[in-house]
Amino acid sequence: MTAVITLCSASRLDHVRRQQRLLASAPVRRIIVWLDADAPPLSEFPGADMVHVPPGQLGLRLAAGRDRGAERALAAGEDLLVFLDADCLPGPDLLSRYRAAADAHPGAVLCGPVTYLPEGIRPENADALPALTAPHPARPAPPDHQNVVAGPDDHRLFWSLSFAVTAQTWRTVGGFDEAYEGYGGEDTDFGFTARARGVPLVWVGGAHAYHQYHPTSAPPWQHLDDILRNGKLFADRWGSWPMEGWLEAFAAAGAIERTPEGWQRTPVRAAGPA
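How each quantity is defined
Residues numbered from 1 in each chain as written. Predicted model: local features only at pLDDT ≥ 70, side-chain atom pairs only at ≥ 80, totals over all residues. Heavy atoms only, no water. Helix = DSSP H or I, 4+ residues; strand = E, 2+ residues; numbered from the N terminus. Rg over C-alpha atoms; globule rule 2.2 N^0.38 Å. Buried < 20%, exposed > 50% of the residue type's maximum accessible area, 1.4 Å probe, protein only. Contact = heavy atoms within 4.5 Å. Lys, Arg positive; Asp, Glu negative; His and termini not counted. Charge placed at Lys NZ, Arg CZ, Asp CG, Glu CD. Pairing = 2+ DSSP bridges. Axes fitted to C-alpha atoms, helices over the stretch in contact; angles between N-to-C directions. Domains from an automatic or database assignment. Buried area = accessible area lost by both parts, 1.4 Å probe. Polar contact = N/O pair within 3.5 Å; in protein donor to acceptor, adjacent residues only side chain to side chain. Nonpolar A, V, L, I, M, F, W, Y, C, P; charged D, E, K, R; others polar. Parallel < 35°, antiparallel > 145°, perpendicular 65-115°, else oblique. Left-handed = near helix turned anticlockwise from the far one by under 90°. UniProt positions renumbered as here; feature names shortened; annotations may be inferred.

## Some words on the overall build of the protein
(1) Moving on: Counting its regular elements, the protein contains 7 helices and 13 strands.
(2) Moving on: In terms of C-alpha radius of gyration, the protein reaches 19 Å, essentially the compact-globule figure of 19 Å for 274 residues.
(3) Moving on: With the C-alpha coordinates of the protein rotated into their principal frame, the extents come out at 70 × 40 × 40 Å.
(4) Moving on: Evaluated residue by residue, the protein yields a buried proportion of 51% over its 274 residues.
(5) Moving on: By sequence separation, contacts in the protein at least 24 residues apart represent 71% of the contacts at least 6 residues apart.
(6) Moving on: The average position of the 24 basic charges and that of the 32 acidic charges among the side chains of the protein differ by 1 Å.

What follows is the structure, encoded as structure tokens:
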């Protein structure tokens, strides 16, 4: 059986409500991992398993949340784990395409296309989604019912918005590294770990997810310190920095600079004499 694992916090509650309504009639185990310090709203999602992973000292524990959700699924005997971000809606064929891809590539990490919905578009049923399909251009999107085995360099493109693994593949990769707290880096680390352990990445055509709109900033200034901290953790392990586009944008704005030790905040220099 399939488990769908979603991380949730109060800031994404409306998104998850919409997502869970689309999943409620599917023959899957729904696992919602609550990331806020307060107790999870148990009455919000009848029929779903609730797991509470409160924040750590450095912020939300996204890596630990996915790991605890997977542990719940494995303990229940589920053989396919589908991870869907809080703000993502499942397309009508997402679950069936991930299942078919898992049958064809049981030892791979499976990634479907993601469409970013524009502001004001809030689909309430799955039938409305196919007409909105416009996969994000930064990731491959094979034709429906086609799977493409990625090249080894493509593991850098792994993102955790929507992906699936068999139970055995999850155990082979070993889950997410819980040293990452706060925003950024943990999903690229997962991709690199999969590559290091010989686990291929497969792009799954037709497994569409739809990212619901919410305001963002580019680059994400509110996450600057998380990105520097988690980026250094990644660089110390893998020899390169993730999230390079954002780092370059922060640098262009004068907020950070590259040093022999890596990226860091630009020192505040005292003003000279008037």
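From this point, the narrative continues.
## Focus on the sheet that holds strand β8 (residues 147-149)
(1) Moving on: An order of β3-β2-β1-β4-β9-β6-β10-β8 is seen for the 8 strands of this open sheet, with the pairing classed as mixed. Of all the strands in the sheet, the pair left with one neighbour each is β3 (49-52) and β8. Between one strand axis and the next, the sheet turns through 25° on average, direction left out of account.
(2) Moving on: Docked against the sheet, helix α3 (residues 94-104) engages β1 (2-8), β2 (28-34), β4 (80-84), β6 (109-111), β8, β9 (162-166) and β10 (201-204), running at close to 135° with respect to β4.

## Details of the domain arrangement of the protein
(1) Moving on: Once the domains are mapped, the protein shows domain 1 (2-211) and domain 2 (221-265).
(2) Moving on: Look at where the C-alpha atoms of domain 1 and domain 2 centre, and you get two points 26 Å apart.
(3) Moving on: At the interface, 15 residues of domain 1 touch 14 residues of domain 2.
(4) Moving on: Together domain 1 and domain 2 conceal approximately 1,200 Å² of surface at their shared face, both sides included; 58% is due to carbon and sulfur atoms.
(5) Moving on: The largest contributions to the domain 1 side of the interface with domain 2 come from Tyr-180, Tyr-183 and Phe-192, which together make up 44% of the buried area.
(6) Moving on: Counting across the interface, domain 1 meets domain 2 through 9 residue pairs in polar contact (both at pLDDT 80 or more).
(7) Moving on: For the side of domain 1 that touches domain 2, the per-class residue count stands at 6 nonpolar, 5 polar and 4 charged.

## Re the packing of helix α6 (residues 224-238) against helix α7 (residues 244-252)
Any two packed helices are characterised by the angle at which their axes cross and by the distance between the axes.
(1) Moving on: For the pair α6 and α7, interaxial distance at closest approach is 11 Å and the crossing angle is 125°. The pairing of α6 with α7 is recorded here as oblique in orientation. The two elements α6 and α7 cross, and the hand of that crossing is left-handed. Where α6 approaches α7, its residues Leu-224, Ile-227 and Leu-228 are matched on the opposing element by Trp-246, Leu-247 and Phe-250.

## Quick look at unusual backbone geometry
(1) Moving on: In the segment running from Ala-218 into Pro-219, the intervening peptide bond is cis, with an omega of 0°.
(2) Moving on: Residue position: Pro-219 is located in the loop between β11 (209-211) and α6.
(3) Moving on: With phi around 55°, Met-243 is a residue other than glycine that occupies positive phi space.
(4) Moving on: Of note, Met-243 is situated in the loop between α6 and α7.

## Quick look at the sheet that holds strand β5 (residues 88-90)
(1) Moving on: Spatial strand order, β5-β11-β7: 3 strands in an open sheet with mixed pairing. Lying at the two open borders of the sheet, with one neighbouring strand each, are β5 and β7 (114-116). Taken over all neighbouring pairs, the strand axes of this sheet differ in orientation by 25° on average, direction set aside.

## Focus: the pairing of β9
(1) Moving on: When you tally the buried positions in β9, you get 5 out of 5 residues, the bulk of the element.
(2) Moving on: The two faces of β9 match: Ser-162, Ala-164 and Thr-166 on one face and Phe-163 and Val-165 on the other face are all buried.

## With respect to the UniProt feature "domain: Galactosyltransferase C-terminal" (unreviewed entry) in the protein
(1) Moving on: The residues that UniProt annotates with the feature "domain: Galactosyltransferase C-terminal" (unreviewed entry) are residues 161-201.
(2) Moving on: Span residues 161-201 is 44% helix and 15% strand, its end C-alpha atoms 15 Å apart.

## Let's talk about the side chain of Thr-166
(1) Moving on: Along the chain, the position of Thr-166 falls in strand β9.
(2) Moving on: Separated by 2.8 Å, the side chain of Thr-166 and the backbone oxygen of Pro-106 make a polar contact.
(3) Moving on: Residues within four places of Thr-166 in sequence aside, it is in contact with Asp-79, Leu-80, Ala-102 and Pro-106.

## Here we look at helix α5 (residues 186-196)
Because each turn of an α-helix spans 3.6 residues, side chains separated by three or four positions end up pointing in the same direction.
(1) Moving on: Of all the 11 residues making up α5, 9 are buried; the element is thus mostly covered by neighbouring parts of the structure.
(2) Moving on: Residues of α5 that are buried: Glu-186, Asp-187, Thr-188, Asp-189, Phe-190, Gly-191, Phe-192, Thr-193 and Ala-194.
(3) Moving on: Where α5 is buried, its residues contact α2 (62-75), β6, β9, α4 (167-173) and α6.
(4) Moving on: The first or second residue beyond α5 is Gly-198, which carries a positive phi of 75°.

## Overview of the pairing of β10
The side chains of a regular strand alternate, residue by residue, between the two faces of the sheet.
(1) Moving on: Across the two faces of β10 the burial is the same, with Leu-201 and Trp-203 and Val-202 and Val-204 all buried.
(2) Moving on: With 3 bridges connecting them, β6 and β10 associate as parallel partners. By the bridge assignment for β10, Leu-110 is matched with Val-202.
(3) Moving on: Pairing between β8 and β10: 3 bridges, direction antiparallel. Paired with Asn-147 across the bridge in β10 is Val-204.

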